[in-house]
Amino acid sequence: MASTAAAGTEGYDSQWVEHWKQGVPPGQLWDAGKPSPYLAHLLDSKQLDVAGKRVLVPGCGRGYDVFAFAQAGAAPAVGLDLSPEAVAAAAAERDSQLAHSPEVAARAELVAGSFFEYVHASGRPFDVGFDYTFLCALHPDMRKDWAAGWAQLLAPGAELVTIIFPVGPGFVGNPPWQVSPELYEELLLPAGFEQTELTQIPPHLSHKGRGGREWLGRWRRVDSSSNGNDSGTDGGAGDASTHSSSTAVSRM
């Protein structure tokens with residue numbers, strides 16, 4: 001599809017590549033040093049069961065959430081990042097963290113590339129998408145393309161799990177851009193998703209410094225094949241390469 005984000009975003013993504021070239025130490029800047037506590041809670045409690053499912057994590061940075069999905073049985077768990085340096089850092093983290101679990105490590109795939117152009121090597125869409133600190137890192141002009149991108153990459157009936165951050169004042173004019181549950185509704189509902197859950201995350205299940213500013217949103221990709229607008233499960237991601245050439249940024 002034609003890009004709606006070209007104007008005003010030229011060069012925006014290069015800042016993330018440059019940050020990673022300069023080095024993003026573990027646990028510093030936007031690197032939280034571990035998986036999202038609430039994601040860990042969802043996986044451990046089986047409120048989110050990904051065993052045998054295909055999972056995509058865009059803007060994966062050092063890959064902590066990707067590895068959590070792989071350890072929970074995702075096959076594969078794919079981490080996608082714009083920066084080759086971020087992907088290299090994630091690969092090193094995988095080799096260290098999962099050194100004694102080669103089968104799990106093999107399920108954690110890491111790819112450098114654009115979310116808006118990405119198609120998995122298998123050509124198949126994903127069963128689960130996980131979006132945390134990805135939308136808030138994109139330029140606001142990219143938001144409609146973000147929603148359309150998820151609609152293309154997820155199979156009909158698939159789930160998009162979003163941790164909505166940062167909610168509330170104090171993040172205006174710079175990434176991470178301020179977001180809200182209402183913004184996600186405005187973007188995802190017209191793009192072919194239905195909301196299945198929306199709730200504030202308890203502060204003790206957020207990363208340090210993010211408590212009270214995170215919400216969980218869960219969304220189901222509606223199967224619209226009956227009206228001819230959906231290409232079906234086997235090819236749902238096949239048109240992703242027609243999206244905006246705007247690129248996927250690293251996780252905050």
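So, here's what we can say about the structure. Quick caveat, the model's predicted, so the values are computed rather than measured. (Residues numbered from 1 in each chain as written. Predicted model: local features only at pLDDT ≥ 70, side-chain atom pairs only at ≥ 80, totals over all residues. Heavy atoms only, no water.)

## Brief notes about the pattern of salt bridges
For the structure shown, the criterion picks out four salt bridges. Arg 218 serves as the salt-bridge partner of Glu 197, at 3.8 Å between the closest nitrogen and oxygen. Remark: Arg 218 occurs in strand β7 (residues 215-221) and Glu 197 occurs in strand β6 (residues 193-200); sequence separation between them is 21 residues. Judged by its relative accessible area of 28%, Glu 197 falls in the partly exposed class. Residues joined in a network through salt bridges with shared partners are Glu 159, Glu 197 and Arg 218. (Salt bridge = Lys/Arg side-chain N within 4 Å of Asp/Glu carboxyl O. Helix = DSSP H or I, 4+ residues; strand = E, 2+ residues; numbered from the N terminus. Buried < 20%, exposed > 50% of the residue type's maximum accessible area, 1.4 Å probe, protein only.)

## As for the environment of Ala 75
Looking at the secondary structure, you find Ala 75 in the loop between α3 (64-71) and β2 (77-81). On the basis of relative accessible area, Ala 75 is assigned to the partly exposed category, the value being 34%. Once residues lying within four places of it in the same chain are set aside, the contact partners of Ala 75 are Gly 52, Lys 53, Arg 54 and Arg 107. (Contact = heavy atoms within 4.5 Å.)

## Brief notes about the packing of α3 against helix α4 (residues 84-97)
Closest axis-to-axis distance for the α3/α4 pair is 10 Å, and the angle between their directions is 40°. With respect to each other, α3 and α4 are oriented oblique. Along this stretch, α3 crosses α4, giving a crossing that reads as right-handed. Mapping the contact onto sequence places Tyr 64, Phe 67 and Gln 71 in α3 and Ala 90, Glu 93, Arg 94 and Gln 97 in α4. For the contact of α3 with α4, the per-class residue count stands at three nonpolar, two polar and two charged. (Axes fitted to C-alpha atoms, helices over the stretch in contact; angles between N-to-C directions. Parallel < 35°, antiparallel > 145°, perpendicular 65-115°, else oblique. Left-handed = near helix turned anticlockwise from the far one by under 90°. Nonpolar A, V, L, I, M, F, W, Y, C, P; charged D, E, K, R; others polar.)

## Overview of the pairing of β2
With five of its five residues buried, β2 lies for the most part within the structure. Where burial is concerned, the two faces of β2 agree: the one with Ala 77, Gly 79 and Asp 81 and the one with Val 78 and Leu 80 are both buried. Relative to β2, strand β1 (residues 55-58) runs parallel, the two being bridged by four bridges. Bridging from a neighbouring strand, Pro 58 pairs with Leu 80 of β2. (Pairing = 2+ DSSP bridges.)

## Topic: α4
When the terminal C-alpha atoms of α4 are compared, their 20 Å separation across 14 residues agrees well with the 20 Å that a helix rising 1.5 Å per residue should span. The N-capping residue of α4, defined by a side-chain oxygen 3.1 Å from the backbone nitrogen of Glu 85, is Ser 83. (Expected span 1.5 Å × (residues − 1). Polar contact = N/O pair within 3.5 Å; in protein donor to acceptor, adjacent residues only side chain to side chain.)

## Digging into unusual backbone geometry
The phi torsion of most residues other than glycine is negative, and most of the peptide bonds are trans. Residue Ala 75 is joined to Pro 76 through a cis peptide bond whose omega torsion reads 0°. Residue Phe 165 is joined to Pro 166 through a cis peptide bond whose omega torsion reads 0°. Tracing the backbone shows Pro 166 in the loop between β5 (154-164) and α7 (181-188). Of note in this structure, Lys 46 is not a glycine but carries a positive phi near 65°.

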